[in-house]
Structure formats: structure tokens, C-alpha cells
Amino acid sequence: MGKLTGKKAIVTGASRGIGLAIATKLASEGADVAILSTSVKEELAAKLSAELGVQVKSYACNVADSQTVQDVFKQIIADMGTVDILVNNAGITRDGLLMRMKDEDFDAVIATNLRSVFLCTRAVARTMMGKRTGRIVNISSINALRGQAGQANYAAAKAGIIGMTRSNAREFASRGITVNAIAPGFIGTDMTAAMDDATKEKYAAQIPLGRIGKPEDVANAVAFLASDDACYITGQILGVDGGLNA
Amino acid sequence: MTQEEIFQKITDVIVAKLEVKAEDVKMESEFGNDLGADSLDRVELVMALEDAFEVEILDTDAEKFLKVSDVVAFLEEKKK
């Protein structure tokens, strides 16, 4: 029996990369999972359901849009009956050196990576408050802590997540809801594949554990923070980075 | 709705949200001192009242809810 058996989870940005690994891990631990992405992924949901023996359902959701989030989350909570776990993972990059960064590129990253965390958290808060228990795990980034040239927008959004995580942890603590963040280091995904080779090599050479991270490394940490084992942990920022930020 | 009906409905919401007994909810009961509501409870209560009475309650109105009678008076006005 998995450590999340019977739990109902929502994972944003779940169609690929770290989000997909998180959804897969939570499902493999016995949770029913709503996977959110920009378009509906019926086949993926059906495959995960069949392989892992839990309910996995796909929903299209623009997590930066307030009304959409309200409507979709209402539907998900009605479909699943409740929500125990929210993983705010959705994120995009629009890298560029600051002097050349367009307003739209700054705003889009803040909206999708930071505003979404506010909107999705608000959309589950009432249900979790009523239950007097809940787990919220936000995916930040090592670049929120260290900065990264060319990522003023991304690093600002991910650092904003850390402030929100700590505030929400304090706000929700009396209701048994924990809020934590994970700061992944250099993880091999489609998103990091877009980085240039020089940056990738520079990173890899600096990682004390000697390898680039896997999405599953992040997913394992999420599953722990989402479980009952982590009931006394809140407001924390957990680095999953092979020691990169040690 | 009569004042009595409104009071009964509010009492039901308070009992469900604040885990107090119905007989302890009186018109003069204060949310903080008598009913043990903290700031989160108050927000939850206001949202539950909005659902139960199908009205919108602005934060500026909710701030003025000190006693149960304040809510009854507010909703009487709203449901006229």
C-alpha cells in the first residue's frame, strides 16, 4: 500500500518534465491525480490510470487566468470529491538578457509561474481549511536562490514563490495545512534542454553529486512532503540539486 | 425572511463552522470572545454565509461583524 493511498492530488504543468514525474510518483503511491496542462491529455491520463491502478484525469487549464482556475478547480474538486494535495509546478521560461527582455516576456513568466501559485492555492484553500488538513508543495528553483543571468523574470517569479510559501505556511498552519517549496537544481527536462551547451556544461561540472538531476529525484521529494510523514514540516524550501547549493 | 428565520439560518452556519453548540449562539454573542472565532474562522464564516444566503459580503461589511446581531441586521437589510 502506497503512502498516499486514498489521497486526492492536483498537479499543475503535469503533461511532461518534472510535473509528469510528480504526477506519476503520486499515483504510484496510491493517490488519485488530476493532471493539469494547457491542453487535455486523455491518452496520458488513461495510460497512468491503467498502469498504476488509480484514477488519473486530465484537465486543460490556463493557470494564469483567474476565472479559468476557479472553474476548473471547482470541477476537479466535484469530480474527485475533495482535494488533499496541491502541487504547483506549472512554469515557463522566456529567457533573455535584461536589456533586451520584452515586457511581455517578463509579464508572461510572472503570470504563469507566480500568479498561478496564488490562484491555484486560493482555489483549494477553502476545501483544505474545512478538512483541517492539506499539503501544498510549490516548485521553485535553485535560480531563485542564486540568480541566473538571462532569467530576471524566471528567478523573480521563483523567488516570489518562496515568499508566498512561507507566508501561506504561517497563514494555514492552524488548520493543519502544510506549505513547502522545492528548489530543483539542474534537472534534465525539455525546459533545460533549451539551454545552451556551455551553460549546461558549466552547471554539470559544479554539481557535487556528479550528475544532472532526474525529474524523479524531484518527484520523490514531493511525495515525501505530500505524505503524512511530513506533517511537522512547513514553510521550508528543500533543495533537490545534487548539492549544487550546498 | 423574518428576523427569526435569519437568526436560525445563521446559527446553523455558525454551529457547522465554529463547532459550537446551537444553544450557545445568541444575538449578543461576540464572534471572538464568545464563539472563539479567529481571523481564519471569520473568513470561512463569511464565505459560508455568502453561500447560505446567496449574497455577496464585502470585506468592509464583514469587518463590522462583532456580534451575531450585527450579521442578522446586515442580512435582514440585504434580503429585504
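Residue positions are given per chain, counting from 1 as you read along its sequence in written order. To read the labels, note that chains go from A and ligands from 1, taken in the order they are written. Side-chain atom pairs in this predicted model are given and counted only at pLDDT of 80 or more, local residue features only at pLDDT of at least 70, and totals for whole chains, interfaces and linings cover all residues.

Engineer: Residues and numbers for the overall build of chain B, please.
Structural biologist: The secondary structure listing takes helices from DSSP runs of H or I that are at least 4 residues long and strands from runs of E that are at least 2 residues long, numbered from the N terminus. Secondary structure assignment for chain B yields four helices and zero strands. For chain B, the succession of helices and strands along the chain, N to C, is α-α-α-α. Put simply, the radius of gyration uses C-alpha atoms, and a globule should come to 2.2 Å times the residue count raised to 0.38. Here the C-alpha radius of gyration of chain B, 11 Å, is about what a compact globule of 80 residues would show, namely 12 Å. The principal-axis extents of the C-alpha atoms in chain B amount to approximately 30 × 25 × 20 Å. Counts of 20 or more other C-beta atoms within 10 Å of a residue's own C-beta define buried residues, counts of 12 or fewer define exposed ones, and intermediate counts define partly exposed ones; C-beta atoms are placed from the backbone. Per-residue burial over chain B gives 21% buried out of 80 residues. For chain B, long-range pairs separated by at least 24 residues make up 56% of all intrachain contacts whose partners lie at least 6 apart in sequence. Contact between two residues is assigned when their C-beta atoms, built from the backbone, lie within 7 Å.

Engineer: Mind laying out the nonpolar core, listing which residues take part and the relevant values?
Structural biologist: For this analysis, nonpolar core means a set of buried Ala, Val, Leu, Ile, Met, Phe, Trp, Tyr and Cys residues linked through C-beta atoms within 7 Å. Counting 70 residues, the largest nonpolar core has A:Val11, A:Ile22, A:Ala23, A:Leu26, A:Val33, A:Val218 and A:Val222 as the members making the most contacts within it. Counting residues per element, this core draws most heavily on helix α4 (residues 103-131) of chain A, which supplies ten residues. In this structure, A:Val222 is in contact with A:Ile22, A:Lys25, A:Val87, A:Val137 and A:Ile182, ignoring residues within four places of it in sequence. Residues B:Ile14, B:Phe31, B:Phe65 and B:Leu75 belong to the second largest nonpolar core, which totals 13 residues.

Engineer: Summarise helix α4 (residues 68-78) of chain B; cite the residues concerned and give the values.
Structural biologist: Along α4(B), the residues that are buried comprise B:Val68, B:Val71 and B:Leu75. Buried residues of α4(B), seen end-on, are gathered within an arc of 60° and therefore sit on one face of the element. Here, the arc refers to the directions that run from the helix axis to the C-beta atoms.

Engineer: Help me get a handle on the environment of A:Thr82, residues and values and all.
Structural biologist: Residue and element names in this part refer to chain A. Residue position: Thr-82 is located in the loop between α3 (66-80) and β4 (85-88). The spacing of Thr-82 and Lys-7 is 75 residues in sequence and 8.9 Å in space, taken between C-alpha atoms. With residues up to four places along the chain from it excluded, the contact list for Thr-82 reads Lys-8, Ile-77, Thr-127 and Lys-131.

Engineer: Describe the environment of A:Lys214, listing the residues and the values that go with them.
Structural biologist: Within the fold, A:Lys214 resides in the loop between α8 (197-206) and α9 (215-226). Not counting residues within four places of it along the chain, the set of residues in contact with A:Lys214 comprises A:Ile187 and A:Gly188.

Engineer: Break down the pairing of strand β6 (residues 177-184) of chain A for me, citing the residues and quoting the values.
Structural biologist: Residue and element names in this part refer to chain A. Along β6, eight of the eight residues are buried, which leaves the element largely enclosed by surrounding structure. Strands were regarded as paired on the criterion that DSSP finds at least two bridges between them. Across six bridges, strand β5 (residues 134-139) lies against β6 in parallel orientation. Within β6, the position partnered with Arg-135 by the bridge is Thr-178. Relative to strand β7 (residues 237-240), β6 is paired through four bridges, and the arrangement is parallel. When the bridges of β7 are listed, Ala-183 appears paired with Gly-239.

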